[in-house]
Each structure stands twice: as structure tokens, then as C-alpha cells.
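# Working through the structure, step by step
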Amino acid sequence: VQETYGVFCTVLEGCQFLAEALGLIKQNLIAVEVSLSDVEWQPAEEQFQGSVKELLLAYENKDIQLAADVLEYELGESLVSWENVLRSCLEMTANS
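Summarised in this report is the structure supplied together with it. All chains use their own residue numbering, which begins from 1 and follows the written sequence. For this predicted model, a pLDDT threshold of at least 70 governs which residues receive local features, and a threshold of 80 or more governs which side-chain atom pairs are given and counted, while totals over whole chains, interfaces and linings are taken from all residues. The basis for every side-chain value is the complete set of heavy atoms in the structure, and neither hydrogens nor water enter the calculation.

## Considering the side chain of serine 78
Secondary structure elements follow DSSP: runs of H or I of four or more residues count as helices, runs of E of two or more count as strands, with numbering from the N terminus. Looking at where serine 78 falls in the secondary structure, it is placed in helix H3 (residues 64–94). Should any heavy atoms of two residues lie within 4.5 Å, those residues are considered in contact. Apart from residues no more than four positions distant in its own chain, serine 78 is found in contact with Ala44, Gln47, Phe48 and Ser51.

Now the structure itself:
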């Protein structure tokens, strides 16, 4: 149980770090006038926030199976979405 808690805390810290980094990237993209709607920023942001909220709720309810599913499927899909969004942002800034 203690090991699971440690892993969970590490995952949450990583999610917090990612959210902060994405916030800084978002500010910079706005500063250079990249259209966030063109790169599907908001849907990726909402998906990530929803996954983290569901993960927290599962952990609070001690539903380890749901937490594992959220980590494997929803959070994983969210990270893939962010990879695509960030690639699009990179292409847009390279072409401007």
C-alpha cells in the first residue's frame, strides 16, 4: 500500500509539472500569436484535466482498479493528444 501511494504521488507530481509547463507554453504561443484553436489546445486541456480529476477521485475512493484504468487508458490517451498538439504548435511556429 505504501509503495502504491508513493507511485501515485509521483504520478500526480508529474501531472502537476506537466500542467504548469503547458500553461507556460500556452502563454508563449499566445504571445507569438499562434491560434490555439487551430491546434486543438482546449480539447486536449479539458481531456487532461478530466483524466487527472478522475484519477484523484478514484484514489480518494480507494478504487485502485479504476485508478489503474484511468492511468492506462485515459491519461495515456491524453498524453498522446498533447504530443499531437505540441507537434502542431511546433510546425506552426516553424512556419511563421
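## Looking at helix H1 (residues 2–31)
With 30 residues, H1 ought to run about 44 Å at 1.5 Å a step, and its terminal C-alpha atoms sit 44 Å apart, in line with that. Among the residues trailing H1, glutamate 33 stands out with phi positive, at a value near 65°. A helix is expected to reach a length of 1.5 Å times the quantity of its residues less one.

## Some words on unusual backbone geometry
One non-glycine residue, glutamate 33, lies in the positive phi region at around 65°. For every residue, the accessible area obtained with a 1.4 Å probe (protein chains only) is divided by the maximum for its type, and the residue is called buried under 20%, exposed over 50%, and partly exposed between those limits. Residue glutamate 33 is classed as exposed on the basis of its relative accessible area of 71%. Positive phi, normally seen in glycine, also occurs at lysine 62, with a value near 60°. Structurally, lysine 62 is set in the loop between helix H2 (41–60) and H3. Using a relative accessible area of 70% as the deciding quantity, one classes lysine 62 as exposed.

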